[in-house]
Amino acid sequence: MTIRVWDYLPEYHDERADILAAVARVFESGQLILGPGVAGFEAEFAAYHGLRHCAGVDNGTNAIKLALQALGVGPGDEVITVANTAAPTVVAIDGAGAKPVFVDVREDDFLMDTGQIADAIGPRTRALLPVHLYGQCVDMAPLRRLATRHGLSIIEDCAQAHGARHHDQLAGTMGDAAGFSFYPTKVLGAYGDGGAVITGDEGVDQNVRRLRYYGMEDRYYVERTPGHNSRLDEVQAEILRGKLRRLDTYIARRQAVARRYTEALGDLAAPGGLVLPAVAPGNEHVYYVYVVRHPRRDEIIERLRAYDIALNISYPWPVHTMTGFTHLGYAKGSLPVTERLAEEVFSLPMYPMLSLDRQDAVIRALREVLSGF
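This write-up is about the structure you can find in this document. (Residues numbered from 1 in each chain as written. Predicted model: local features only at pLDDT ≥ 70, side-chain atom pairs only at ≥ 80, totals over all residues. Heavy atoms only, no water.)

1. Quick notes on the sheet that holds strand S3 (residues 78-82)
Sheet strands pair by backbone hydrogen bonding; their relative direction is either parallel or antiparallel.
And step 1. Spatial strand order, S2-S10-S9-S6-S5-S3-S4: seven strands in an open sheet with mixed pairing. Edge strands, defined here as strands with exactly one partner in the open sheet, are strand S2 (53-57) and strand S4 (99-103). Averaged over all neighbouring strand pairs, the angle between strand axes comes to 30°, with direction disregarded.
And step 2. Examined bridge by bridge, S3 and strand S5 (residues 125-128) share three bridges and lie parallel to one another. Among the inter-strand pairings, Glu-78 is bridged to a residue of S5, identified as Thr-125.
And step 3. On top of the sheet, helix H2 (residues 36-48) reaches S2, strand S9 (177-181) and strand S10 (195-199); it is set at about 130° to S2, its chief contact. (Pairing = 2+ DSSP bridges. Helix = DSSP H or I, 4+ residues; strand = E, 2+ residues; numbered from the N terminus. Axes fitted to C-alpha atoms, helices over the stretch in contact; angles between N-to-C directions. Contact = heavy atoms within 4.5 Å.)

2. Description of the packing of aromatic side chains
And step 1. Taken as a whole, this structure holds twelve aromatic pairs when the rule is applied.
And step 2. Judged by centre distance (5.4 Å) and plane angle (45°), the rings of Tyr-213 and Tyr-214 are tilted.
And step 3. Classification of Tyr-214 as partly exposed rests on a relative accessible area of 33%.
And step 4. Through pairs of rings, three or more aromatic residues link up here, namely Trp-6, Tyr-8, Tyr-12 and Tyr-191. (Phe/Tyr/Trp six-rings, centres within 6.5 Å; stacked < 30°, edge-to-face > 60°. Buried < 20%, exposed > 50% of the residue type's maximum accessible area, 1.4 Å probe, protein only.)

3. Remarks on helix H7 (residues 202-212)
And step 1. All buried positions along H7 are accounted for by Val-204, Asp-205, Asn-207, Val-208, Arg-210, Leu-211 and Arg-212.
And step 2. On its buried side, H7 packs onto H2, S2, helix H3 (60-70), S9, S10 and strand S11 (216-218).
And step 3. Residue Asp-201 occupies the N-cap position of H7, its side-chain oxygen lying 2.8 Å from the main-chain nitrogen of Gly-203. (Polar contact = N/O pair within 3.5 Å; in protein donor to acceptor, adjacent residues only side chain to side chain.)

4. Quick word on the pattern of salt bridges
And step 1. One pass over the full model with this rule turns up 21 salt bridges.
And step 2. A salt bridge links Arg-246 to Asp-18; its shortest N-O distance comes to 2.2 Å. Of the two residues, Arg-246 is situated in the loop between helix H8 (234-244) and helix H9 (247-265) and Asp-18 in helix H1 (residues 9-29); the sequence distance between them amounts to 228 residues.
And step 3. Here Asp-18 falls in the partly exposed class, since its relative accessible area comes to 45%.
And step 4. One salt bridge in this structure joins Arg-25 and Glu-238, with 2.9 Å as the shortest N-O distance. Taken as a pair, Arg-25 in helix H1 and Glu-238 in helix H8 lie far apart in primary sequence, 213 residues in all.
And step 5. With a relative accessible area of 10%, Glu-238 lands in the buried category. (Salt bridge = Lys/Arg side-chain N within 4 Å of Asp/Glu carboxyl O.)

5. Thoughts on the side chain of Ser-347
And step 1. With respect to the helices and strands, Ser-347 occurs in strand S16 (residues 345-348).
And step 2. With a relative accessible area of 0%, Ser-347 lands in the buried category.
And step 3. Among residues more than four places away in sequence, those in contact with Ser-347 are Val-5, Val-289, Tyr-290, Val-291, Leu-311, Asn-312 and Ser-314.

6. Brief notes about the state of the cysteines
And step 1. Tallying each qualifying case throughout the model produces zero disulfides.
And step 2. Looking at the unpaired Cys-54, the closest cysteine sulfur is the one in Cys-158, lying at 12 Å.
And step 3. Accessibility expressed as a relative area gives 2% for Cys-54, which makes it buried.
And step 4. Residue Cys-158 is classed as buried on the basis of its relative accessible area, which comes to 0%. (Disulfide = S-S within 2.5 Å.)

7. Some remarks on the packing of H3 against H7
And step 1. Running from N to C, H3 and H7 point in directions that differ by 120°, and their axes come no closer than 9 Å. The pairing of H3 with H7 is recorded here as oblique in orientation. In the crossing of H3 with H7, the sense of the turn from one axis to the other is right-handed. Here Leu-66, Ala-67, Gln-69 and Ala-70 of H3 come into contact with H7, specifically with Val-204, Asn-207, Val-208, Leu-211 and Arg-212. (Parallel < 35°, antiparallel > 145°, perpendicular 65-115°, else oblique. Left-handed = near helix turned anticlockwise from the far one by under 90°.)

As structure tokens, this is what we get:
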């Protein structure tokens, strides 16, 4: 059987009774849209983060877009972010009508190079959008200082960082608002699409709630535009309530897999060879993905197919090089670290229910492949 980067079936088999019970509660509740499941999850997810406000939405992309709009970001504005991310981060900025402005990332941990932000701020800059990538947080202190100095909003992209901490602060609690995705692969994943915006600002929360429901305050009466149909599904919310109670366990299991990889592969790490994940100072990494680097990445992936191991690349194309964003005017070579990483990074299998036998199979196969170089 193929060993894949992610597989939900072991988790489903383990939690099947709870999942089906959650579905039954929704179907028997008499309310299928924005019912007690969504309200309960919102309260519990906000409490997990020590915040008062959470608004469930339909996916992580719209979580970022609605957060931007709720903070007043729109056409003519610029938002500083990175191109070393999944495309939805930038699609959300574009969807809000704003222009993405990119800075490069750091070579060692792949996170936003906050030292480049000051030079990227211009008269139209309205917000900073750090991406907490692969399971660990961007250094937020310099962003906060710049945001205060220039009157900017900070929207954290937490799609890959549920439960991650930076100097003991949870991802999503260090900006003005944060967008989360509950896509099935995530550290906290639903069984379909889902997302949420958390914030400490009641006004931002109210704006997101209007925006997700056509711009309405009450049924049939639109208070503001643009409005969207972006509500978190009641079934997914009820499933997520059960999974939220296991979130810290999921994280501990991911960290255990990561430790095993690091211990078993550490002797192979060398300049010009395999590079293992680096944890930035002050961070607690939750390992949404376990990303390594090698200059012969494509050859390694191809050889591992013979071992029935299918790996993933996060991400093979920097956003600024995609044809859909050529209008932004970034030439090849404009973000050299981002572009170099895209040619070398790949992800090893990582999920909470990944068995020891499968971990060992991945380790043995990778060691054998690398021994031939």
